[in-house]
4 protein chains.
Amino acid sequence: MTKAKKIHIDTSIPTLGKPKIPSPLQYCRFIPQEASISMNLMDSGLEEENLPVLSFEMAGPRPDIYFDSTKVKCAIVTCGGLCPGVNDVIRAIVMETRYNYNVAAVLGIRYGLEGFIPKYKHDIMELSPDNCADIHQFGGTVLGSSRGPQPPDEIVDALERMNVSVLFIIGGDGTMRAARKIREEIESRRSKISVIGIPKTIDNDISFVTRSFGFESAVEKASEAISCAHTEAVGAFNGIGMVKVMGRESGFIAAQATLALKDVNFVLIPEYPFELLGKRGLLPALESRLIRRKHAVIVVAEGAGQHLLAASSEKTDASGNPVLGDISTFLIDEIKNYMKEKGLAHTLKYIDPSYIIRSIPANANDRVYCGFLGQHAVHAAMAGKTGMVVSKLLGRYVHLPFELVTMARKKIDISSDYWRAVLESTGQHAISPMVEDPLMCDAKK
Amino acid sequence: MTKAKKIHIDTSIPTLGKPKIPSPLQYCRFIPQEASISMNLMDSGLEEENLPVLSFEMAGPRPDIYFDSTKVKCAIVTCGGLCPGVNDVIRAIVMETRYNYNVAAVLGIRYGLEGFIPKYKHDIMELSPDNCADIHQFGGTVLGSSRGPQPPDEIVDALERMNVSVLFIIGGDGTMRAARKIREEIESRRSKISVIGIPKTIDNDISFVTRSFGFESAVEKASEAISCAHTEAVGAFNGIGMVKVMGRESGFIAAQATLALKDVNFVLIPEYPFELLGKRGLLPALESRLIRRKHAVIVVAEGAGQHLLAASSEKTDASGNPVLGDISTFLIDEIKNYMKEKGLAHTLKYIDPSYIIRSIPANANDRVYCGFLGQHAVHAAMAGKTGMVVSKLLGRYVHLPFELVTMARKKIDISSDYWRAVLESTGQHAISPMVEDPLMCDAKK
Amino acid sequence: MTKAKKIHIDTSIPTLGKPKIPSPLQYCRFIPQEASISMNLMDSGLEEENLPVLSFEMAGPRPDIYFDSTKVKCAIVTCGGLCPGVNDVIRAIVMETRYNYNVAAVLGIRYGLEGFIPKYKHDIMELSPDNCADIHQFGGTVLGSSRGPQPPDEIVDALERMNVSVLFIIGGDGTMRAARKIREEIESRRSKISVIGIPKTIDNDISFVTRSFGFESAVEKASEAISCAHTEAVGAFNGIGMVKVMGRESGFIAAQATLALKDVNFVLIPEYPFELLGKRGLLPALESRLIRRKHAVIVVAEGAGQHLLAASSEKTDASGNPVLGDISTFLIDEIKNYMKEKGLAHTLKYIDPSYIIRSIPANANDRVYCGFLGQHAVHAAMAGKTGMVVSKLLGRYVHLPFELVTMARKKIDISSDYWRAVLESTGQHAISPMVEDPLMCDAKK
Amino acid sequence: MTKAKKIHIDTSIPTLGKPKIPSPLQYCRFIPQEASISMNLMDSGLEEENLPVLSFEMAGPRPDIYFDSTKVKCAIVTCGGLCPGVNDVIRAIVMETRYNYNVAAVLGIRYGLEGFIPKYKHDIMELSPDNCADIHQFGGTVLGSSRGPQPPDEIVDALERMNVSVLFIIGGDGTMRAARKIREEIESRRSKISVIGIPKTIDNDISFVTRSFGFESAVEKASEAISCAHTEAVGAFNGIGMVKVMGRESGFIAAQATLALKDVNFVLIPEYPFELLGKRGLLPALESRLIRRKHAVIVVAEGAGQHLLAASSEKTDASGNPVLGDISTFLIDEIKNYMKEKGLAHTLKYIDPSYIIRSIPANANDRVYCGFLGQHAVHAAMAGKTGMVVSKLLGRYVHLPFELVTMARKKIDISSDYWRAVLESTGQHAISPMVEDPLMCDAKK
């Protein structure tokens, strides 16, 4: 069992100043200014086993707010890869700020952080209830996006130049690190600009976010592709259907789709090292499966099996993420060679649904979720909070400091009930060779 | 604000006896025999405002079990209306019992509790991994269902006759009351039969269950129908699209679909009384909406507005639920008459998607959820628990005594943030006439 | 076998005058001015058995056109009930007129023929490539619609007042009759206004149109509802799932969905009279099915069984269509009474998907089809054709005079291979009582 | 304009002998034994421009049949790649033979033609109404498939050994050539075995088949992927979304999906040669599009642009099809290099939906179509026809000799209205460089 890292966790949220202005909200149940909630995160699927009970600031509208909302200008920027629901979050922020807080204007920054930097010459989009009314029906982001950071000082220059008081920033891990730097730059200038993040990750790998928005929609779509791989597999003698899904460092999409479908025989994720050969190797297990059942379905997360790739690149992409080795091409070659050696005729069909999974519109549940994330982001901003993201954690909307969500990626705990259920669904126990089997019951050891 | 009912809540789970047999599970992380988790349910969307922190028994596999599983026969019965995911739960129970606990046999009881009663002559279905492998791809229940209770003694007679040690019972509120009686009958006979419930309600109205299985799938489908109503409404001059959705006593489907769609202008639910006429009446508000926007979309839960129906029936159906008055026909007539009086030409298109919403297969997320519910039900049964249901409460799987879930229906708290978001989405504040406006901020009072 | 009516059929298309202006189209293969195509319509699914080979004017761009297109103003109006693809047709007309023929303006008439009549005060919408670019992604009609005719002289007054040279009119049978009167009024005034129809009928019941646009999309959606009825039927002991689908005088949706699904046991359409009782009655056949298989699925077109409804109304609706008796309520009552008499416990679940079927966006195939219909309508108009509709007949796009398409409704030939395949799929031969069985082979007579 | 090849076309169908046995069909309208239909194929979308009017044998049940059906054994084999609807065709053949012709047995040959060859040791599957009842709900083929021919004599040996009188063979171009050889082998042995083909091609490239089954379903799915590419393209500055779709020698899927979606800016198909550079080159056109609109969507059929690939392989795959060069990788590289040279920052997102498109279940329309294809195949076989396929040609079901369908692939006529509509939808005229523009109007030349 993984030994818990003992870490100090500060969950307090910085503010720009004391909220003194009565909220303009007409109909609501206000949350007390300092409302907090304690949660026992044990067994929550998070990695930290022995995490103490933590106390989080609750999300929700406050009776007194910091900004004179009718004079405030807000900006929204979307960064990194697409994810179902981004337009829903944008829409919710626009509707809440304009209709309920009567905010003066909401600016849409085009193409991610680039939009702040003069040299790119991207225009600014004014966002209004009118031009945002239907955007939730489409995937993607109406603002456009880009990868990678930009100089924090130039960003803050732009915010000041445009007279923006609140920046809503929708993005992933890297973006939240950039947001933290923007926040620090603002603080060093003693500017009164709030920076509020809405964490976006199709991989569902942000800590202290039970389920990131868009994840369910993505899993639904990934399941379709895997279902096709199953059809292809059974449609040929010794047919192998292989599907690559997103999951750079965490295999949640692969695992969840496997649980949804029941047709997967091998699921390979970054958290779960495996060997190709030997008693518990993938290839002999695949061979045995083919001999017994004449077909097999393999789901591989893009970040799986990196330990097997000889010259794993040390390059990083524009967002600072390491460039991953191509595990699927590697596996296809290894399977072909192995089966050839064994004289086992087979047919391998490879499916890479790639962007199909992330560019669809959000499903009903994700839409509702995105709506609340956007509204709570606005409540937080108006109350003068900053340097934080809105999260739904174990069923509650809370405020989390940037520091907390960027501390470590969330990963699948391979000794959890969740992963055990995945393995049971695939029946692939046999290929966990390199670690002592983490699921072997204590009683059996 | 609703005054909290002060109630004693016992969350302890009865057992058949001391578990002494080592679990046959090979790969798992056992939960300590008496593992429990404390939860602060405040703000959880449940009605009880000032609920104290409660302690629940955690779900999960135990190191020692009560039954010698290889000698055990289980039975599954499905009761009440269809709901997406029932087949997924059946499949999960069959796979977990047969593959992991090596249970001797799983019997499928046909057509609900009727299946136990000799006079109906329904046959018994043997459930196996083979004949259950693909059932999750279809809506409905492979076992068939029926409404209403049957004599508990005859049911227990049947269980004893078939030598069944564990009864898994999938059903709603009424079914759980029946299950409680079965459990009492078993206890009075000192039989060693475990009764485990998996709560099913498409209305999402079971207390202490954050979101019931199938609810998301149902909302997705209901949204489609409402979207059609919107298309019809804008397709005619002063077009009114009206959709009836499920929701006998709780309006969760109506509310959630409204949040997902953004196109609804009036949402009527059982928890939210409204008047037809007067300053804040529905009809003048509808008239005003038509004059301003030339179309309107109304979503009405089947149990809404019962206070308006003159001779509200006191009849009950086979499940003991009161027969509801027909609110949609009533509203259609009232709207027609009102608009005729006002000389406002209009077109009303009424859609009742009815069973379309509940008979579809579950979506990916519900499938995964149902899988865990089924597995945890089996773990609980094998450990000798009885008289309980498996629930996911604020992100955790726990055991709840029958008494707790049948105590009161879960309803939408119309003073909650959730309902406020619904009203904001529709813009219908004006029609809340009969109660002092619960959402008016304290500060404004 | 139905005796063929011997009728004279004139397929020639009137024109406004000689086309003398070279077409502005840059890239195309022109159709010769008088291009025609001969077709043998025997066995085409049309009723007229002994129809001679007919010669139709081919659709397509002509080298010379009648209108100086850059000076022309067009108008589009949509009438009657919604149908998948209407927005696609509108979009295609706008794109073809504006981009390829450089037409000066396209006016959108709001809410059907009402939009022409001053007293309704509906505004006019200017249609442009910009505001029509995305409309095909939505169901319904962006112009709105209404039922029923309006005075032809007032309509032509409006056309002249707005200086419109071409009227594109999208609608059904009744609308095409109205269009014919508008055309006659124009002719009597010797106005140079072209009237071009695009036949719309979700029932697929327009003669000389092999498959009307939107029909396939509607069938796909109807199939979903029927599939739900099947799930409900098997989910209860002696479960009966009944679905009502559109089909006032022709049962194409019911028949086609039955062929697509394979799960239907009784399909009732207007063309196929049936008795309730007696040796070949529906009710005994249903009883026998329940006894054998414990469930049954019935699909009933709204216009079926009108001969059974005692006081079949002689009222007509705004479009002049007879108001139909409510066959489904009638059948539900009859089934309940019959089964009660026979002591056969059963559960009946009734689904009326109604507008859900017609307000969805078109599927890919219908979208392509609508695009060609719109383009060919524009080619015809520019060439000076009038008094005609565009149709796809046995794979070819042709021009049909209004007279031809309004002559008679297309119905299912119950002695055709098509209907035989439907009956085989349901296995319901036994309930064709009132006519000598039309499918009994000649050889057997 | 392509010069018509003057070819002699024989459309007569060989038979095994004189049909003398009265058909066992109870309810049907028989087609006269020698019924034929004449069709004018001009403008039918087929390549042969000046094709004379041809006379085809009509499909349908005959009053007298050749086989004593109750004593007959049939076999079904599925070959080549998957295609939506294969299971529907299998199901229809099984139902028609077993229920209506009371055929003794239907054997399912596993994994394509391999299933006949002893060395592969594939088992035989007995197909019955019971085990085929639900197969149409799944994609793929329950029989499995394989590529490539097998020795005709060994196949006929197997047919004789199994005492099979009718072989139904579902497959593409290559398969129909193999079927022709099997037929010749049978003839040389004077065996009384009928070989009936049902043409399957997801590319829609079989001559004399207006639209092959599964094509519409495939286009629907391809459209989804292209829609995602559009979302990705607009989600990045100078975003390029590129999608590869099936289409080895004919670009129908690419073209049809383009017409359905309206969002495609460049569609590249095998029939339409293009240059990369120069006045009308793809790359400058793409550059210009990015500068004007900041995003672009490219759809490329897998067989497009082969003339650009230097060392275009001369290898062939197991089915004898030439191995295609990888046009998408080539284009991605060329675009990157070109844009780099031009200093145009851009983002390219590539989507290859591959097998996702072909392994889905058929949509409602394709299901109905497959049902008729299967039934007509059975009627033909029972009547003693052989050496033929069933086709729907311009709305009619007809019999075509193997020779006709294997004569030449159907391709998109790039001087047709159809292709013109595609180009108009994309606005890409400018990139047709290598041929004199085929769409330039005659009047303009």
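Every residue gets a number counted from 1 within its own chain, in the order that chain's sequence is written. The lettering of chains begins at A and the numbering of ligands begins at 1, in the order of writing. Predicted model: local features are reported for residues with pLDDT of at least 70 only, side-chain atom pairs are reported and counted for 80 or more only, and whole-chain, interface and lining totals are derived from all residues.

A closer look at the overall build of chain A
For step 1, the next point in the chain: What counts as a helix is a DSSP run of H or I of at least four residues, what counts as a strand is a run of E of at least two, and both are numbered from the N terminus. For chain A, the helix and strand inventory stands at 11 helices and 15 strands.
For step 2, the next point in the chain: A total of 445 residues make up chain A; the buried ones form 61% of that total.
For step 3, the next point in the chain: If you take every contact in chain A between residues at least 6 apart in sequence, the share linking residues at least 24 apart comes to 78%. Remark: C-beta atoms are placed from the backbone, and a residue is labelled buried if 20 or more other C-beta atoms sit within 10 Å of its own, exposed if 12 or fewer do, or partly exposed between those counts. It is the C-beta atoms, placed from the backbone, that decide contacts: two residues are in contact if theirs lie within 7 Å.

Overview of the relation of the copies chain C and chain D
For step 1, the next point in the chain: What sets the superposition is a least-squares fit of C-alpha atoms, and only residues with pLDDT of at least 70 in both copies go into it. Once turned by 180° and shifted 0.0 Å along the axis, chain C lies on chain D with an RMSD of 0.0 Å. Each copy turns onto its partner about a two-fold axis. Closest approach to the rotation axis within chain C is made by the C-alpha atom of L394(C), at a distance of 2.6 Å.
For step 2, the next point in the chain: Of the residues that chain C buries at the interface, 98% are likewise interface residues in chain D, meaning the two copies contact each other through the same surface.

A closer look at the sheet that holds strand β6 (residues 105–109) of chain D
Residues and elements named next belong to chain D.
For step 1, the next point in the chain: Pairing within the open sheet is mixed, and its 9 strands lie in the order β2-β3-β15-β14-β9-β8-β5-β6-β7. The sheet is open, and its two borders are formed by β2 (36–39) and β7 (124–127), each paired with just one other strand. Strand after strand, the sheet turns through a mean of 35° between neighbouring axes, direction not considered.
For step 2, the next point in the chain: We treat two strands as partners when DSSP finds at least two bridges between them. Sheet analysis places strand β5 (residues 73–78) next to strand β8 (residues 166–171), joined by 5 bridges and oriented parallel. Residue pairing for β8: A75 is matched across the bridge by L167.
For step 3, the next point in the chain: Here an angle of 0 to 180 degrees is reported between the N-to-C directions of two axes, which are lines fitted to C-alpha atoms, with helices fitted over the stretch in contact. Along the sheet, helix α4 (residues 173–188) makes contact with β8, β9 (194–199) and β14 (388–393), crossing β9 at roughly 175°.

Some remarks on the environment of I124(D)
Residues and elements named next belong to chain D.
For step 1, the next point in the chain: Topologically, I124 is positioned in strand β7.
For step 2, the next point in the chain: Owing to 14 C-beta atoms within 10 Å, I124 belongs among the partly exposed residues under this scheme.
For step 3, the next point in the chain: Residues I124 and G108, spaced 16 residues apart in sequence, show a C-alpha to C-alpha distance of 5.9 Å.

Comments concerning the sheet that holds strand β13 (residues 347–351) of chain D
All names here are of chain D.
For step 1, the next point in the chain: The strand order across the open sheet formed by 4 strands is β11-β12-β10-β13, and the pairing between neighbours is parallel. What marks the edges here is a single partner per strand, and that holds for β11 (266–268) and β13. The sheet shows a mean angle of 15° between the axes of neighbouring strands, taken without regard to direction.
For step 2, the next point in the chain: Sheet topology note: the strand β10 (residues 239–245)/strand β12 (residues 295–301) ladder contains 7 bridges and is parallel. Opposite K244, over in β12, you have V300 as the bridge partner.
For step 3, the next point in the chain: Contacts from helix α6 (residues 252–261) reach β10, β11 and β12 within the one sheet, and its direction differs from that of β12 by about 145°.

Some remarks on the domain arrangement of chain A
All names here are of chain A.
For step 1, the next point in the chain: Domain start and stop positions are those given by an automatic or database domain assignment. Once the domains are mapped, chain A shows domain 1 (21–212 + 361–405) and domain 2 (218–359 + 413–435).
For step 2, the next point in the chain: For domain 1 and domain 2, the distance between their C-alpha centroids amounts to 35 Å.
For step 3, the next point in the chain: The residue inventory of the side of domain 1 that touches domain 2, partitioned by class, reads 4 nonpolar, 9 polar and 4 charged. Charged residues are taken to be Asp, Glu, Lys and Arg, nonpolar residues to be Ala, Val, Leu, Ile, Met, Phe, Trp, Tyr, Cys and Pro, and polar residues to be all remaining types, Gly included.

Thoughts on the interface of chain C and chain D
Interfaces are often described in size by the accessible area the parts lose on coming together.
For step 1, the next point in the chain: With 51 residues of chain C at the contact, the number on the chain D side is 50 residues.
For step 2, the next point in the chain: Elements with a minimum of two residues in the side of chain C that touches chain D: β2 (36–39), α5 (215–234), α6 (252–261), α9 (364–382) and α11 (417–426) of chain C.
For step 3, the next point in the chain: Counting residues per element, the side of chain C that touches chain D draws most heavily on α9(C), at 7 residues.
For step 4, the next point in the chain: Here the residues of the side of chain C that touches chain D sort into 21 nonpolar, 18 polar and 12 charged.

What about unusual backbone geometry?
Residues and elements named next belong to chain A.
For step 1, the next point in the chain: Backbone geometry at N102 places phi at a positive 50°, although glycine is not the residue there.
For step 2, the next point in the chain: For N102, the position within the fold is in the loop between α1 (86–100) and β6 (105–109).
For step 3, the next point in the chain: Of note in the backbone geometry, K294 takes a positive phi value of approximately 70° without being a glycine.
For step 4, the next point in the chain: For K294, a count of 18 C-beta atoms within 10 Å translates into the label partly exposed.

Things to note about α11(C)
For step 1, the next point in the chain: Burial within α11(C) is extensive, with 8 of its 10 residues counted as buried.
For step 2, the next point in the chain: Those residues of α11(C) not exposed but buried are D417(C), W419(C), R420(C), V422(C), L423(C), E424(C), S425(C) and T426(C).
For step 3, the next point in the chain: Against the buried residues of α11(C) lie α6 and β11 (266–268) of chain C together with α1 (86–100) of chain D.
For step 4, the next point in the chain: Directly after α11(C), the chain includes G427(C), whose backbone phi takes a positive value near 75°.

Some details on the packing of α5(C) against α6(C)
Residues and elements named next belong to chain C.
For step 1, the next point in the chain: Look at α5 against α6: their axes get within 9 Å of each other, and the N-to-C directions meet at 65°. Regarding α5 and α6, the two cross each other, and that crossing is right-handed. The segment α5 lies against α6, with F215, A218, V219, A222, S223, I226 and S227 engaging F252, I253, Q256, A257, A260 and L261.
For step 2, the next point in the chain: Here the residues of the contact of α5 with α6 are counted per class, giving 10 nonpolar, 3 polar and no charged. It is the rotation of the near helix from the far one that decides the hand of a crossing: anticlockwise by less than a right angle makes it left-handed, clockwise makes it right-handed.

Quick look at the confidence of the model for chain A
Reading fine detail from the predicted coordinates is not recommended where pLDDT is low.
All names here are of chain A.
For step 1, the next point in the chain: In this model, chain A carries a mean pLDDT of 90, and residues with pLDDT of at least 70 account for 90%.
For step 2, the next point in the chain: Predictor confidence is given residue by residue as pLDDT, running from a minimum of 0 to a maximum of 100. Contacts from residues 1–5, a stretch scored under 50 in pLDDT, to residues over four places away or in other chains number 8 contacts.
For step 3, the next point in the chain: Confidence drops under a pLDDT of 50 for residues 437–445, and excluding neighbours within four residues, the segment shows 20 contacts in the predicted structure.
For step 4, the next point in the chain: Across the whole predicted complex the pTM is 0.93, and at the interface the ipTM reaches 0.91.

Re helix α5 (residues 215–234) of chain A
For step 1, the next point in the chain: End to end, α5(A) covers 28 Å across 20 residues, agreeing with the expected 28 Å (1.5 Å per residue, within 8%).
For step 2, the next point in the chain: The buried count for α5(A) comes to 19 of 20 residues, which makes it a mostly enclosed element. Expected helix span is taken as 1.5 Å per residue step, with the number of steps being one fewer than the number of residues.

Here we look at the pairing of β10(D)
All names here are of chain D.
For step 1, the next point in the chain: A large share of β10 lies buried, amounting to 7 of its 7 residues.
For step 2, the next point in the chain: Neither face of β10 is exposed, since G239, G241, V243 and V245 on one face and I240, M242 and K244 on the opposite face are all buried.
For step 3, the next point in the chain: Relative to β13, β10 is paired through 5 bridges, and the arrangement is parallel. Directly across from I240, in β13, lies its bridge partner L348.

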